[in-house]
Amino acid sequence: MTARNTLIAPSILASDFSRLGEEVETVAKAGADWIHLDVMDGHFVPNITFGPPIIKAIRDRTDKVFDCHLMITPADPYLAAFADAGCDIITVHAEAGPHLHRSLQTIRNLGKKAGVSLNPSTPESVIEYVLDELDLVLLMTVNPGFGGQAFIPSVVEKVRRIKAMIGDRPIDIEIDGGVSPANAGELTAAGANVLVAGSAVFKGEGKEAYAKNIAAIRDAANG
Ligand SMILES: O=C(CO)[C@H](O)[C@H](O)COP(=O)(O)O
Ligand SMILES: [Fe+2]
């Protein structure tokens, strides 16, 4: 049965960076559940975005959950800085370091929710022995590094397998990359409950446009 309470997490990667604070406030008022923050280092992924000072600067624009997606390696030396900047959920990539269990423990010890992200080619087995350290699994449906890429449909089967793996543990399944009303329904039917969307949300100008875009994804997700 399709999930009824899908959360929508707009990625500010697709927003107008020259008005970042305003964009965060606008998309929050337009119905975003979480704000998704894509941190890229030019090393783990071939793009560079922003870090803790920028996140800190926009933190007071909304009280929505700050969902921080770290595409950086190493991640461990920077986890405290992201926690201090105001991230509520901190997600590291399974491929980005040798000590995933330690990274997740560090995030929880900082009082934040711990997430792990898997690239499209990474098997779900990497999370088998850290399930009890996890609050969220983020499945990439594009190769990380850029917004506006095409959705990779083979990941939908992985969503189903991860849903079965986590059983009744309270772990969110979040999807990131190329999400739109065209694929939201199959993702939630497979077990996802959080959908990140950048280019499908920041289309058009201002609150009404963003609200319409978020509602279209939510309606499709909830069947
Ligand atoms: O993590 C990401 C890229 O690495 C972004 O969150 C993702 O690509 C969202 O953008 P879009 O919805 O435009 O694909
Ligand atoms: Fe992301």
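Note that the coordinates shown come from a computational prediction; the quantities given were computed from them, not determined experimentally. (Residues numbered from 1 in each chain as written. Chains lettered and ligands numbered in written order. Predicted model: local features only at pLDDT ≥ 70, side-chain atom pairs only at ≥ 80, totals over all residues. Heavy atoms only, no water.)

Participant: Account for the packing of helix α1 (residues 20-29) against helix α7 (residues 206-221), naming residues and giving values.
Facilitator: Packing of α1 against α7 brings their axes to within 8 Å, and their N-to-C directions diverge by 50°. As the angle between them shows, α1 and α7 are arranged oblique. Once α1 is placed against α7, the crossing between them reads as right-handed. Seen from α1, the contacting residues are Glu-23, Thr-26, Val-27 and Lys-29; seen from α7, they are Gly-206, Lys-207, Tyr-210 and Ile-214. Looking at the contact of α1 with α7 residue by residue, the classes come out as 3 nonpolar, 2 polar and 3 charged. (Axes fitted to C-alpha atoms, helices over the stretch in contact; angles between N-to-C directions. Helix = DSSP H or I, 4+ residues; strand = E, 2+ residues; numbered from the N terminus. Parallel < 35°, antiparallel > 145°, perpendicular 65-115°, else oblique. Left-handed = near helix turned anticlockwise from the far one by under 90°. Contact = heavy atoms within 4.5 Å. Nonpolar A, V, L, I, M, F, W, Y, C, P; charged D, E, K, R; others polar.)

Participant: I'd love a proper account of the packing of helix α6 (residues 181-190) against α7, names of residues and values included.
Facilitator: Closest axis-to-axis distance for the α6/α7 pair is 7 Å, and the angle between their directions is 35°. Crossing of α6 against α7: the hand is right-handed. Residues Pro-181, Ala-184, Gly-185 and Thr-188 of α6 form the contact with α7, whose participating residues are Ala-216, Ile-217, Ala-220 and Ala-221. Each residue belonging to the contact of α6 with α7 can be placed in one class, and the counts come to 6 nonpolar, 2 polar and no charged.

Participant: For the coordination of the iron ion (ligand 2), give the residues involved together with the corresponding values.
Facilitator: Around the iron ion (ligand 2), the donor atoms from the protein are His-36 (NE2), Asp-38 (OD), His-69 (ND1) and Asp-176 (OD), and they sit 2.0 to 2.3 Å away. Coordination at the iron ion (ligand 2) is octahedral: its 6 donor atoms span angles of 71 to 172° at the metal. One chain supplies every donor for the iron ion (ligand 2), spaced along it as H-x1-D-x30-H-x106-D. Placement of the pair is His-36 in strand β2 (residues 34-40) and His-69 in strand β3 (residues 65-71), with a sequence separation of 33 residues. Relative accessible area serves as the criterion here: at 0%, His-36 is assigned to the buried category. (Donors = N, O, S within 2.8 Å, 3.2 Å for Na, K, Ca; no water. Tetrahedral: all angles 85-135°; square planar, octahedral: opposite > 155°, others 65-115°. Buried < 20%, exposed > 50% of the residue type's maximum accessible area, 1.4 Å probe, protein only.)

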